[in-house]
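Spelled out, the chains give:
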Amino acid sequence: MSVYRAYEVQGAGNFALVERELFEPAAGQVRLRVEACGVCHSDTLAVNGLLRPDPSVPIVPGHEIVGVVDAVGAGVTTWQVGDRVGVGYLNGHCGACEQCRRGDFVNCTDQPATGTTVDGGYAEVAFARASGLVRIPDGMSAVDAAPLLCAGLTVSKGLQQIDARPGALVAVQGIGGLGHLAIQYATRLGFRVAAIGRGTGKAELAAQLGAEHYIDSSVEHPGEALQRIGGAAAIVATAASGASMSPLVPGLEPRGRLIVLGASFDPIEVQTSDLIFGTRTISGSLTGSSIENEDNLLFSQRQGVRSMNEILPLSEAPKAYSRMLSGEARFRIVLDTAA
Ligand code: ZN
Ligand code: ZN
């Protein structure tokens, strides 16, 4: 095979199925035959031409990639052809910048963002730095693993920021692609969960996933509702809306933390007194490093955390993207490239 198929975005929002010449991986990189790639809300960054160094150059979206290494670049010694690997949003840290030297690989200042600043996985072939690779556990299918590489890791790492006793109440706001995973991880980590959604359509599912409480934010103030059940040690906010997170802060117990995972362009508004009295914190969390991603795949496998996926072939990538954007997917969409 000397060419491969890829869905690239040309300009802003124009998907095109193209054939690309196959080339060898650069030094320090590997080339993958893609088996599956999840569709993530952050793909909007690529599709809308944001964060791209040169928006006129087409880019292949997709940063929840599972594949098999089929070529290794110069200097790659720890990965071999045939290894089954994943690549998440972070395409591999540089190992040399100040953040890397301090061991903070997530904040590496010389790290490509998969499917955002470099080509991603809406394709039959993808490339990644060796430092960004994640070993896929034996027995985990590509479509099961893919959404865990960004969505799963993001919520799992967010929950690990919580400094609270086992059995503490944790709220999960938004029961979608991130939230349905956050409920599962939070219960496995020993927390009691209150799910917060709009309407009652997902109340039953939240309970099945392990939530003890359900708060319908379309009929009651979610912060007040949380206080009525004792206040939350932490709230994991996954809805892509700053405005929807503003009323959550008063629902935190003293020293509680609002962990922001849902990215949006509108701000969170907060009363200063809600932060000062109760010494509450708002913080962001950005995915995790490649070894943390590996840890999380094993944890998910052992603990039975599963992403609920809709599966489409690569040929339907534009449809998959627009369905993700509609918010109607239950709950992640995965391109099954092998199909
Ligand atoms: Zn993502
Ligand atoms: Zn670095």
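For the structure itself, look to the data block above.
(A) Layout of the coordination of the zinc ion (ligand 1). Note on the zinc ion (ligand 1): its protein donors are Cys40 (SG), His63 (NE2) and Cys150 (SG). The metal-donor distances range over 2.0 to 2.2 Å. When the donor residues of the zinc ion (ligand 1) are listed from N- to C-terminus, their spacing reads C-x22-H-x86-C. Taken together, the residues span a long stretch of sequence, with Cys40 in the loop between strand 3 (29–39) and helix 1 (43–47) and His63 in the loop between helix 1 and strand 4 (64–72) at a distance of 23 residues.

(B) Spotlight on empty space enclosed by the protein. This model, assessed by the stated rule, comprises one cavity of 30 Å³ or more. Estimates place the volume of the largest cavity at around 80 Å³. Together, 17 residues line the largest cavity, and Leu90, Gly132, Gly288, Ser289 and Ser290 are the ones closest to its centre. Those elements giving two or more residues to the lining of the largest cavity turn out to be helix 3 (142–160) and helix 9 (290–303). A class-by-class count of the residues in the lining of the largest cavity yields six nonpolar, 11 polar and no charged.

(C) Representation of the pairing of strand 15 (residues 332–336) in the model. For strand 15, the tally of buried residues reaches four of five residues, placing the bulk of the element in the interior. Relative to strand 15, strand 3 is paired through four bridges, and the arrangement is antiparallel. Bridging across to strand 15, Val39 finds its partner in Ile333. Tracing the backbone out of strand 14 (residues 309–313), into helix 10 (residues 317–326) and back to the parallel element strand 15 gives a crossover that is right-handed.

(D) Main features of the packing of aromatic side chains. On inspection of all chains with the given rule, the structure shows five aromatic pairs. Arranged with centres 6.3 Å apart and planes meeting at 75°, the rings of Tyr7 and Phe15 form a pair that is edge-to-face.

(E) Inspection of the environment of Asn293 at higher detail. Position of Asn293 among the secondary structure elements: in helix 9. What makes Asn293 buried here is its relative accessible area of 3%. Counting along the chain gives 158 residues from Asn293 to Arg135, while the straight-line C-alpha distance between them is 8.7 Å. Here Asn293 is in contact with Gly88, Val134, Leu148, Leu149 and Leu153, once residues within four sequence places are set aside.

(F) Quick peek at the sheet that holds strand 12 (residues 252–260). Pairing within the open sheet is parallel, and its six strands lie in the order 10-9-8-11-12-13. The open sheet has two edge strands, strand 10 (213–216) and strand 13 (281–284), and neither has a second partner. The average undirected angle you get between the axes of adjacent strands in this sheet is 20°. Judged from the four bridges that link them, strand 8 (residues 169–173) and strand 11 (residues 232–237) form a sheet pairing that is parallel. What sits directly across from Val172, in strand 11, is Val236. Seen against the sheet, helix 4 (residues 179–188) touches strand 8 and strand 9 (192–197) and runs at an angle of roughly 165° to strand 9.

(G) A look at the side chain of Ser246. Relative to the helices and strands, Ser246 resides in the loop between helix 7 (242–245) and strand 12. At 2.8 Å, the side chain of Ser246 forms a polar contact with the backbone nitrogen of Glu269.

(H) Structural view of the state of the cysteines. Inspection of the entire model under this criterion finds zero disulfides. Unpaired in terms of disulfides, Cys37 finds its nearest cysteine sulfur in Cys40, a separation of 9.6 Å.

(I) Main features of the coordination of the zinc ion (ligand 2). All of the protein donors around the zinc ion (ligand 2) are Cys94 (SG), Cys97 (SG), Cys100 (SG) and Cys108 (SG); their distances to the metal are 2.3 to 2.4 Å. The coordination sphere of the zinc ion (ligand 2) comprises four donor atoms, whose angles at the metal cover 104 to 117°; the geometry is tetrahedral. When the donors of the zinc ion (ligand 2) are listed by position in the chain, the intervening gaps give C-x2-C-x2-C-x7-C. The class for Cys100 is buried, based on a relative accessible area of 7%.

(J) Examining helix 4 more closely. Most of helix 4 is tucked away, with eight of its 10 residues classed as buried. Regarding helix 4, the residues found buried are Gly179, His180, Leu181, Ala182, Ile183, Gln184, Tyr185 and Ala186. Buried residues belonging to helix 4 abut helix 3, strand 8, strand 9, helix 5 (203–209), helix 9 and strand 15. Looking one or two places after helix 4, you find Gly190, whose phi comes out positive at around 95°.

What counts and what doesn't
Residues numbered from 1 in each chain as written. Chains lettered and ligands numbered in written order. Predicted model: local features only at pLDDT ≥ 70, side-chain atom pairs only at ≥ 80, totals over all residues. Heavy atoms only, no water. Donors = N, O, S within 2.8 Å, 3.2 Å for Na, K, Ca; no water. Helix = DSSP H or I, 4+ residues; strand = E, 2+ residues; numbered from the N terminus. 1 Å grid on protein atoms, 1.4 Å probe; cavity = no way out; pocket = protein on both sides within 12 Å on 5 of 7 lines; lining within 4 Å. Points joined across faces, edges and corners; volume = space filled by probe spheres on them. Nonpolar A, V, L, I, M, F, W, Y, C, P; charged D, E, K, R; others polar. Buried < 20%, exposed > 50% of the residue type's maximum accessible area, 1.4 Å probe, protein only. Pairing = 2+ DSSP bridges. Right-handed = clockwise from strand over helix to strand, strands pointing away. Phe/Tyr/Trp six-rings, centres within 6.5 Å; stacked < 30°, edge-to-face > 60°. Contact = heavy atoms within 4.5 Å. Axes fitted to C-alpha atoms, helices over the stretch in contact; angles between N-to-C directions. Polar contact = N/O pair within 3.5 Å; in protein donor to acceptor, adjacent residues only side chain to side chain. Disulfide = S-S within 2.5 Å. Tetrahedral: all angles 85-135°; square planar, octahedral: opposite > 155°, others 65-115°.

As far as function goes, none of this settles anything; it's purely spatial.
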